Structure formats: C-alpha cells, structure tokens
Amino acid sequence: LKIPVSVFDCRQAFKTRVVDYFIRTYQAGKTPSPCLVCNPAIKFDAALSFARELDATHIATGHYARVVCDPPGCHLQLAADEDKDQTYFLHTLNQSQLENSLFPIGHLEKTVVRELAEQAGFRNYGKKDSTGTFDSSSESEWSEWYTMTPRQRWRETEKLWAFYLSSGGSLDPE
C-alpha cells in the first residue's frame, strides 16, 4: 500500500491505566472490562493526541460501530452487523473523541469485510475473530498470569501489545 506508518509507544500508559486496572479488579473478585478503560484513555485519547502531532484530524479504527454527528452533537449508532456491534465498548467516548473518529467498517457485515480483505490480498482475511484484550481459552494460562510477579506480567503484556497508527493495512505484523 505504500502508506507511511507512524508508531507511538504507549506501553507505560497502557500498563498503568489498563493492565493494572485489570489485575486490581480481578483480584478484588470483580469482572474487569479493560476495553471500557482502554478505549477512552488509550485508543481515543493517547492515539488521537499522537495523530494530532502528525497533523491528522481523525483516527480510524476497525471497530464495528458507526458515529453520526448532527447539530446536537455526535452519537454512536449500532453497526450494520448486529452480531459484531462494538458500540458498548465505545459508549464512554466523549464528544471530541467521537467527532474525530472514523469507523470505516461499521456499515459492513463481517462476512463482507473478510471478502474485501481476501480480494485485496490481505493474508489475515480468514483469521480467527478477536474476543477481547485478555481472552484466553486455557484456564492454566489464566492461573499462570495471576501467579506472575508484576514485572513478569508486564513482560508478557509487552509481547502481546504493540499499538500503532496507520491509514490501513494488515494488523498482522508478519
């Protein structure tokens, strides 16, 4: 695609705002919802600030959602694909974040997105759907995570997370 990619390092902010919250909440016997913390604080705050440093006016994400701006303000609309709708995870965004965000696949069904990706030659068009930040199907992985020291958990998190902004393309680093 020959699109320039700019990378910003938000590992410390992610650790402080999202990972530490997740661990505290889980250890308190509650169910954490890291996306509700990450989206307004990292993806749509830190990322938008970084985008503005690059003279960009908007950020675009792959969330299945739509945003409509009219005279009273901006608001979320459900995605066309009701099974993939992610508006719940975006409901804490403020007006500035909403008006400067684009959700280019929100009007499409997931099957159409996969077809378009395959037609465009993206290798990950058939990749398994993501189900969340800390998703794991293995109970032993969960128990291992919670017995790690904070330093060990941070090292594991560094392996799992790399945030970058681009105008498009594959999120698959290979």
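Higher on the page you've got the structure.
As the structure is a prediction and not an experimental result, all values here were calculated from the model.

### What to know about the pattern of salt bridges
The final tally for this structure, using the stated rule, is 2 salt bridges. The partner of D9 in a salt bridge is R11, and the shortest N-O contact between them spans 2.8 Å. Residue D9 is classed as exposed on the basis of its relative accessible area of 57%. When the shortest N-O distance is used, the salt bridge between K15 and D20 registers 2.9 Å.

### Looking at the nonpolar core
Most often, soluble globular proteins have nonpolar side chains that are buried together. Membership of the largest hydrophobic core comes to 24 residues, with the highest contact counts inside it found for V18, I42, F44, I59 and L90. Within the residue set of this core, elements represented by two or more residues are α1 (11–27) and α2 (34–53). Ranked by residue count, the leading element in this core is α2, at 9 residues. Aside from chain neighbours lying at most four places away, what touches L90 is N39, F44, H63, A65, L76 and F103. Listed in part, the 5 residues of the second largest apolar core include Y64, A79, I105 and L108.

### Considerations on the side chain of T61
Looking at the secondary structure, you find T61 in the loop between β2 (59–60) and β3 (66–70). Ignoring anything within four residues of it in the chain, the contact list for T61 reads F44, L102, F103 and P104.

Rules used throughout
- Residues numbered from 1 in each chain as written.
- Predicted model: local features only at pLDDT ≥ 70, side-chain atom pairs only at ≥ 80, totals over all residues.
- Heavy atoms only, no water.
- Salt bridge = Lys/Arg side-chain N within 4 Å of Asp/Glu carboxyl O.
- Buried < 20%, exposed > 50% of the residue type's maximum accessible area, 1.4 Å probe, protein only.
- Core = buried A, V, L, I, M, F, W, Y, C linked by side-chain atoms within 4.5 Å.
- Helix = DSSP H or I, 4+ residues; strand = E, 2+ residues; numbered from the N terminus.
- Contact = heavy atoms within 4.5 Å.

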